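Tertiary structure, described
For reference, the chains in residue letters:
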Amino acid sequence: MADDEISEEHIALMKDVLIQHVPHARALGMNVVNAKRGEAWLSVPYDEKLVGNPETGVIHGGVITSLLDNACGIAVQLALPARMSIATLDLRLDYMKPATPKLDLTAHTHCYKVTTNIAFVRGTAYHTDEDDPIATCVGTFMLAANRAVPMPISPEAAAEAMKFLEKNKGDKE
């Protein structure tokens with residue numbers, strides 16, 4: 001496996017750890033579909049509870065914003081040489097059209113530049129064809145921004161994070 005490839009096992013671990021780490025992403029039903037160095041594909045399945053306009057059945061724009069923001073953050077994490085905390089500094093979205101009712105959402109994001117303090121990312125939200133976007137985004141993320149638990153990348157770190165999450169979950173019940 002090349003250094004910039006991410007194994008199926010890592011993708012499976014990210015699906016669990018990243019969604020568990022972000023309660024809002026979990027509440028939206030967000031899933032990590034695929035990932036590679038500096039890129040991420042996430043999805044949100046269509047759900048009536050996410051509809052912004054009951055008359056049209058169109059998913060609320062905030063869901064699309066959350067999907068793109070999370071996907072951008074994951075792409076940034078996957079572009080970094082080491083895990084660290086990050087924070088969204090700026091995220092600009094351009095909505096091209098409303099989401100189609102009853103169709104799942106997908107986002108593909110790419111971190112194309114990392115400096116000492118800032119990472120730059122762009123992305124697209126779509127249904128089935130990335131060339132027919134619902135929305136596009138560009139964003140900047142501050143590196144080493146807070147004390148949040150950084151995303152683990154190794155299987156050992158993911159297992160440790162899952163134990164921590166399970167322990168904390170048990171404390172809240």
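In short, a report on the structure. Sequence order as written defines the numbering, with residues in each chain counted from 1. Since the coordinates come from a predicted model, pLDDT governs what is reported: local features require at least 70, and pairs of side-chain atoms require 80 or more to be given and counted, while whole-chain, interface and lining totals use all residues. To get the side-chain values, all heavy atoms of the structure are used, and hydrogens and water are removed first.

Here the focus is the overall build of the protein chain. Looking only at helices and strands, the protein chain features four helices and eight strands. Of all 173 residues assigned to the protein chain, the portion counted as buried reaches 41%. In the protein chain, of all internal contacts separated by at least 6 residues, the share reaching a separation of at least 24 is 63%. Surface exposure of the protein chain reaches about 9400 Å², of which carbon and sulfur atoms provide 53%. Counting from the N terminus, the helices are DSSP H or I runs at least four residues long and the strands are E runs at least two residues long. The cut-offs for exposure are 20% and 50% of the maximum accessible area for each residue type, with area from a 1.4 Å probe on protein chains only; residues under the lower value are buried, those over the upper are exposed, and the others partly exposed. Residues are treated as being in contact if the distance between any of their heavy atoms lies within 4.5 Å. Using the Shrake-Rupley algorithm and a 1.4 Å probe, accessible areas are obtained, with residue cover drawn only from the displayed protein chains.

Here we come to helix H3 (residues 61-79). Side chains that are three or four residues apart share a direction in an α-helix, a result of its 3.6 residues per turn. Expected helix span is taken as 1.5 Å per residue step, with the number of steps being one fewer than the number of residues. Between the first and last C-alpha of H3 there are 27 Å, a value that for 19 residues agrees with the 27 Å anticipated at 1.5 Å per step. Buried residues dominate H3, accounting for 14 of its 19 residues.

Glancing now at the pairing of strand S1 (residues 31-36). On a regular strand, one side chain projects to one face of the sheet and the next to the other, so that they alternate. Only strands joined by at least two bridges in the DSSP assignment are considered to pair. Across five bridges, S1 lies against strand S2 (residues 39-44) in antiparallel orientation. Each residue of the ladder has a partner; that of Ala35, found in S2, is Ala40. From the end of S1 to the start of S2, which pair antiparallel, there are two residues, and Gly38 there has a positive phi angle of about 75°.

The next thing to look at is the side chain of His108. Its place among the elements puts His108 in strand S6 (residues 105-114). Owing to a relative accessible area of 13%, His108 belongs among the buried residues under this scheme.

If you walk across this open sheet you meet the six strands as S1-S2-S6-S7-S8-S5, and the pairing is antiparallel. Looking at strand neighbours, the two that pair on one side only are S1 and strand S5 (86-95), the edges of this open sheet. The mean inter-strand angle of the sheet, taken between neighbouring strand axes irrespective of direction, is 20°. Each axis is a line fitted through C-alpha atoms, taken for helices only over the stretch in contact, and angles between the N-to-C directions span 0 to 180 degrees. Sheet strands in contact with H3 are S1, S2, S5, S6, strand S7 (118-126) and strand S8 (135-143), and its direction is about 40° off that of S6.

Here, a salt bridge means any Lys or Arg side-chain nitrogen found within 4 Å of an Asp or Glu carboxyl oxygen. Evaluated as defined, the whole model comprises four salt bridges. For the salt bridge of Asp94 with Arg92, the shortest nitrogen-to-oxygen distance reads 2.6 Å. Given the relative accessible area of 29%, Asp94 is considered partly exposed. With relative accessibility at 48%, the residue Arg92 sits in the partly exposed group. For Asp132, the salt bridge goes to Lys97, with nearest N and O atoms at 2.8 Å. With a gap of 35 residues between them, Asp132 in the loop between S7 and S8 and Lys97 in the loop between S5 and S6 connect regions that are remote in the sequence. Residue classification places Asp132 among the partly exposed positions, given a relative accessible area of 40%. You can call Lys97 partly exposed: its relative accessible area is 29%.

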